[in-house]
Amino acid sequence: MNEITAIKARQFLVSFLKYLLLIFAAFVALVPIVSCVVTAFKTPEEYAATSVMTAPKSWLYFENFKTAWQQANMGHAFINSFLVLICVLAGSVLISSMLAYVLNRFQFPGNGLIRNLFMIATLIPGIATQVTVYQIMTALHLVNSLPGYIILMMGTDVITIYIFLQFFENLSVSLDESAILDGCSYFGVFFKILLPLLKPAIVTSAILKGVSTYNEYYMANLYLQDKTKYQVVSTSLYVFSGPMGSQYNYICAGVLITIIPALIIFLLCQDQIYSGMAAGAVKG
């Protein structure tokens with residue numbers, strides 16, 4: 001009886017610690033969002049006189065959103081971000097899938113070396129290569145250029161390559177052989193047969209690349225130096241930061257505005273997102 005009681009006590013303690021950890025993680029994740037929402041609806045006087053978590057007197061004060069939209073020129077920023085996002089996703093998915101197709105389906109001298117080099121590249125911090133990358137971008141006259149920023153962000157992520165490699169390993173080579181016997185070229189095999197079967201991998205990689213591109217700030221701030229002409233969503237709110245301090249009531253309002261498109265896309269495409277992520281987990 002004592003042994004059974006000890007086992008139950010141990011199980012209760014493990015469950016208690018597990019749920020306590022989950023509650024703490026949820027608290028850490030929700031506090032910044034709640035404080036952002038609370039600050040976004042405060043008047044300038046309330047923002048200056050109250051604490052971060054003090055609720056505003058009225059939840060119908062939308063002047064902060066109006067000021068953030070107009071002064072940060074967020075309409076132009078959304079257009080630039082949408083253009084960058086579409087081009088980067090299309091280019092990244094196409095380049096990474098074609099590269100994975102070549103590495104998986106063709107055996108040639110250097111195949112293993114290329115895979116190992118991609119693995120080594122993941123060990124190098126991105127910030128350590130910025131001096132060299134900036135010199136190359138400057139030499140090619142791509143600094144302060146929206147096409148240059150798109151090309152830079154279009155660089156294939158190693159994780160995306162391995163996602164497609166895992167999916168190609170689960171696609172039978174007999175599909176390629178049958179198509180080639182019917183007179184299909186290698187390009188036809190890829191675009192007409194294999195690429196449509198990669199939908200789960202495309203969804204998974206597009207989610208990862210899309211989120212990182214939409215939220216990317218460092219590269220946009222470094223390479224898009226003309227903030228009035230080439231600003232994107234992540235850099236548009238920089239106008240409210242200065243040497244005399246930051247106007248966080250406007251910044252928080254702008255942050256909530258930037259969340260709306262991502263939230264709408266998630267609500268409209270959540271079935272495809274969940275199925276793509278689930279299929280990616282199973283295939284991996």
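Reference entry: report on the structure contained in this document. (Residues numbered from 1 in each chain as written. Predicted model: local features only at pLDDT ≥ 70, side-chain atom pairs only at ≥ 80, totals over all residues. Heavy atoms only, no water.)

A word on the environment of C184
Here is step 1 of the chain: Looking at the element boundaries, C184 is found in the loop between α9 (173-181) and α10 (186-197).
Here is step 2 of the chain: The partly exposed category is assigned to C184, whose relative accessible area is 21%.
Here is step 3 of the chain: The residues contacting C184, other than those within four sequence positions of it, are A179 and V189. (Helix = DSSP H or I, 4+ residues; strand = E, 2+ residues; numbered from the N terminus. Buried < 20%, exposed > 50% of the residue type's maximum accessible area, 1.4 Å probe, protein only. Contact = heavy atoms within 4.5 Å.)

Looking at the side chain of T213
Here is step 1 of the chain: Note on placement: T213 falls in helix α11 (residues 199-215).
Here is step 2 of the chain: Classification of T213 by relative accessible area gives buried; the value is 7%.
Here is step 3 of the chain: In terms of polar contacts, T213 uses its side chain to reach the backbone carbonyl oxygen of K209, at 2.8 Å.
Here is step 4 of the chain: Not counting chain neighbours up to four residues away, the residues in contact with T213 comprise V84, L85, V88 and M153. (Polar contact = N/O pair within 3.5 Å; in protein donor to acceptor, adjacent residues only side chain to side chain.)

As for the packing of helix α4 (residues 74-105) against α10
Here is step 1 of the chain: Direction vectors running N to C along α4 and α10 enclose 110°, while the axes themselves pass 12 Å from each other. With respect to their mutual orientation, α4 and α10 come out roughly perpendicular. In the crossing of α4 with α10, the sense of the turn from one axis to the other is right-handed. Packed against α4, whose contacting residues are L94, S97, M98, Y101 and R105, the element α10 presents Y186, F187, V189, F190, F191, L194 and L195 at the interface.
Here is step 2 of the chain: When its residues are assigned to classes, the contact of α4 with α10 shows 10 nonpolar, one polar and one charged. (Axes fitted to C-alpha atoms, helices over the stretch in contact; angles between N-to-C directions. Parallel < 35°, antiparallel > 145°, perpendicular 65-115°, else oblique. Left-handed = near helix turned anticlockwise from the far one by under 90°. Nonpolar A, V, L, I, M, F, W, Y, C, P; charged D, E, K, R; others polar.)

Details of the packing of α4 against helix α5 (residues 111-121)
Geometrically, a packed helix pair is captured by the angle between its two axes and the distance between the axes.
Here is step 1 of the chain: The geometry of α4 relative to α5 is characterised by a closest axis approach of 9 Å and an angle of 135° between their N-to-C directions. When the interaxial angle is binned, α4 and α5 end up oblique. Between α4 and α5 lies a crossing whose hand is left-handed. Contact residues: α4 offers L99, V102, L103 and N104, while α5 offers N111, I114, R115 and F118.
Here is step 2 of the chain: Considering only residue class, the contact of α4 with α5 consists of five nonpolar, two polar and one charged.

Some words on helix α3 (residues 63-71)
Here is step 1 of the chain: Restricting attention to buried positions, one finds in α3 the residues N64, F65, T67 and A68. Burial along α3 is one-sided: seen end-on, the buried residues are contained in an arc of 165°.
Here is step 2 of the chain: Just downstream of α3, N73 is the residue with a positive phi angle, here 50°. (Arc of directions from axis to C-beta.)

Comments concerning the layout of surface pockets
Here is step 1 of the chain: Considering only enclosed or pocket space, the largest pocket measures out at about 840 Å³ in volume.
Here is step 2 of the chain: Along the wall of the largest pocket there are 24 residues; nearest its centre are L85, G210, V211, A262 and I265.
Here is step 3 of the chain: Those elements that place two or more of their residues in the lining of the largest pocket are α4, α11 and α14 (248-283).
Here is step 4 of the chain: Grouping the amino acids of the lining of the largest pocket by side-chain chemistry returns 19 nonpolar, four polar and one charged.
Here is step 5 of the chain: Considering only enclosed or pocket space, the second largest pocket measures out at about 340 Å³ in volume.
Here is step 6 of the chain: Together, 14 residues line the second largest pocket, and L152, M153, G155, D157 and M219 are the ones closest to its centre.
Here is step 7 of the chain: Elements supplying a minimum of two residues to the lining of the second largest pocket: α6 (130-139), α7 (146-153) and α11. (1 Å grid on protein atoms, 1.4 Å probe; cavity = no way out; pocket = protein on both sides within 12 Å on 5 of 7 lines; lining within 4 Å. Points joined across faces, edges and corners; volume = space filled by probe spheres on them.)

Some thoughts on the packing of aromatic side chains
Here is step 1 of the chain: A complete count under the given rule lists 13 aromatic pairs for this structure.
Here is step 2 of the chain: Here F12 and F16 contribute two aromatic rings whose centre-to-centre distance is 6.4 Å and whose plane-to-plane angle is 20°, an arrangement assigned as stacked. One end of the pair, F12, and the other, F16, are both in helix α1 (residues 2-40), four residues apart, so they sit about a helical turn from each other.
Here is step 3 of the chain: Overall, the relative accessible area of 45% leaves F16 in the partly exposed class.
Here is step 4 of the chain: Ring centres 5.9 Å apart and planes at 45° place the aromatic pair Y101 and F168 in the tilted group. Here Y101, found in helix α4, pairs with F168, found in helix α8 (residues 158-169); they are 67 residues apart in sequence, far enough to count as distant. (Phe/Tyr/Trp six-rings, centres within 6.5 Å; stacked < 30°, edge-to-face > 60°.)

A closer look at the nonpolar core
Here is step 1 of the chain: In this structure, A40, F65, M74, F78, L237 and F240 are the most contacted members of the largest nonpolar core, which totals 18 residues.
Here is step 2 of the chain: Elements with a contribution of two residues or more to this core: α1, α3, α4 and α14.
Here is step 3 of the chain: Ranked by residues supplied to this core, first place goes to α14 with six residues.
Here is step 4 of the chain: If sequence neighbours within four positions are ignored, A40 has contacts with Y61, N64, F65, N249, C252, A253 and L256.
Here is step 5 of the chain: Within the second largest apolar cluster, 17 residues are counted, among which are F168, V189, F190 and A201. (Core = buried A, V, L, I, M, F, W, Y, C linked by side-chain atoms within 4.5 Å.)

Bear in mind that shape data such as this cannot, by itself, settle questions of function.
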